[in-house]
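Each chain, letter by letter, is given below.
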Amino acid sequence: MKKKISSFLTIQEGCDKFCSFCVVPYTRGPEYSRSIESIMMEVKKLIKRGTREIILLGQNVNAWTSKGNKKFSLTLGNLIDEISKCDEILSIRYTTSHPLDMDLKLIETHQKNKKLMPYLHLPIQSGSNNILSKMNRKHTVEDYLKIIEKVKEYRPDIAISSDFIVGFPGETDQDHRKTLELINEVKFASSYSFKYSPRPGTPSADFEKQVDEKIKNSRLQELQGKLKKHQLVFNQKSVNSKMNILILYKNKKNQYIGKSPYNQTVIIDEKLESNQIFLNRCKKVVGQIIDVRITNSFQNSLEGEFSIESLGY
Ligand code: SF4
């Protein structure tokens, strides 16, 4: 079996939120959490296959819950603490979260548990309360910003990413501007953005005031331009810093590919003299967390060198 340093592990399926654009509650049914016992068994199996990073997956991953032996329910923060007790696991992430399920325990875990990476993918979809209400998101922009503020209070360096839907039925120029303002306020480290397209069987497919395709295209372009700008700035800030990089594999171009704590792809070229010196000393880097000095940044990745100082030079 092929060794996989970073592995996905599904812990939760389904959704009870019923956003008006989404098929998940109809196709996957209500929220269902796997038991902690079965999750931990799978963690142990993944460890045996060489996994060092676990990415916990769920349509509403932070709605995960399990009745413990005692009378209280365990939530995602407790599960992360449990998984982090496995010495072999060096890094834990989770996706995708819903703002309404960001409980204090999970936020505290971002501060206290060093194996939980400082990265949070928290979709908002729109920066307009008018559209959020039509989307049936059940939270406002203000609620979302409060959660981000709280998370940053506990983990100031955390990287935030999000999802956006552009051109939802009834979205006006003013709604679109509000989304752009939110993007400028939060300065997302990365994000996914899509044009709205009606999904048969969902309430919003029958909404009036569907937005013209040309308008959707131009709004998407404008929004993606802003998101890209913030991502570039976020990546540029990493240059000259030293980061703990989990090395995932070596590619055919003799580059080591790793992942930063903030979910950035990091490329380390074996041919560089300093990297060769490092590799002569430290033979095994894949599957390890290594000190890397970031030397360059791009739109979607960083470039770095293994830090010789970390070997005592
Ligand atoms: S978008 Fe997410 S939260 Fe909303 S219904 Fe779909 S899965 Fe649930």
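Note that the structure is a prediction, hence the values are computed from the model and not measured.

Conventions used here
Residues numbered from 1 in each chain as written. Predicted model: local features only at pLDDT ≥ 70, side-chain atom pairs only at ≥ 80, totals over all residues. Core = buried A, V, L, I, M, F, W, Y, C linked by C-beta atoms within 7 Å. Buried ≥ 20, exposed ≤ 12 C-beta atoms within 10 Å, placed from the backbone. Domains from an automatic or database assignment. Contact = placed C-beta atoms within 7 Å. Pairing = 2+ DSSP bridges. Helix = DSSP H or I, 4+ residues; strand = E, 2+ residues; numbered from the N terminus. Axes fitted to C-alpha atoms, helices over the stretch in contact; angles between N-to-C directions. Nonpolar A, V, L, I, M, F, W, Y, C, P; charged D, E, K, R; others polar. Expected span 1.5 Å × (residues − 1). Arc of directions from axis to C-beta.

With respect to the nonpolar core
Alright, step 1. Phe21, Leu76, Leu79 and Ile160 are the most contacted members of the largest nonpolar core, which has 48 residues in total.
Alright, step 2. Both of domain 1 (1-117) and domain 2 (126-195 + 203-237) provide at least three residues apiece to this core.
Alright, step 3. Apart from residues lying up to four places away in sequence, Ile160 is in contact with Leu120, Leu122, Ile148, Val186, Phe188 and Ala189.

As for the pairing of strand E1 (residues 6-13)
Alright, step 1. As judged from the six bridges shared by E1 and strand E3 (residues 53-58), these two strands associate in the parallel manner. Bridge pairing in E3 links Gln12 to Gly58.
Alright, step 2. Pairing between E1 and strand E2 (residues 32-33): two bridges, direction antiparallel. Each residue of the ladder has a partner; that of Gln12, found in E2, is Ser33.

Examining the packing of helix H3 (residues 76-84) against helix H4 (residues 104-112)
Axis angle and axis distance: for two packed helices, these are the angle between their axes and the distance between the axes, and together they describe the pair.
Alright, step 1. Taken N-terminus to C-terminus, the directions of H3 and H4 make an angle of 35°; their axes are 7 Å apart at the nearest point. Listed contacts from H4 to Leu76, Gly77, Asn78, Ile80 and Asp81 of H3 are Lys105, Leu106, Glu108 and Thr109.
Alright, step 2. Per-class residue counts for the contact of H3 with H4 are three nonpolar, three polar and three charged.

Here's the deal with helix H2 (residues 36-48)
Alright, step 1. If you check H2, its first and last C-alpha atoms are 19 Å apart, about what 13 residues at 1.5 Å a residue would give, namely 18 Å.
Alright, step 2. Listed as buried for H2 are Ile36, Ile39, Val43 and Leu46. Looking straight down H2, one finds that the buried residues subtend no more than 85° of arc, so they occupy a single side. Turned more than 90 degrees off the buried face of H2, the exposed positions are Glu37, Ser38, Met41, Lys44, Lys45 and Lys48.
Alright, step 3. Positive phi appears at Gly50, one or two residues downstream of H2, with a value of about 100°.

Overview of the domain arrangement of the chain
Alright, step 1. When the domains of the chain are assigned, the result is domain 1 (1-117), domain 2 (126-195 + 203-237) and domain 3 (242-311).
Alright, step 2. For domain 1 and domain 2, the distance between their C-alpha centroids amounts to 25 Å.

Digging into unusual backbone geometry
Alright, step 1. The peptide bond linking Thr95 to Thr96 adopts the cis configuration, its omega dihedral lying at 5°.
Alright, step 2. Looking at where Thr96 falls in the secondary structure, it is placed in the loop between strand E6 (91-95) and H4.
Alright, step 3. Here Asn136, not a glycine, exhibits a phi torsion of approximately 60°, which is positive.
Alright, step 4. Looking at where Asn136 falls in the secondary structure, it is placed in the loop between helix H5 (129-134) and helix H6 (141-154).

Describing the sheet that holds E1
Alright, step 1. Spatially, E2-E1-E3-E6 is the arrangement adopted by the four strands of the open sheet, whose pairing is mixed. Of all the strands in the sheet, the pair left with one neighbour each is E2 and E6.
Alright, step 2. Here E3 pairs with E6 via five bridges, running parallel. Bridging from a neighbouring strand, Leu56 pairs with Tyr94 of E6.
Alright, step 3. Seen against the sheet, H3 touches E1, E3 and E6 and runs at an angle of roughly 155° to E6.

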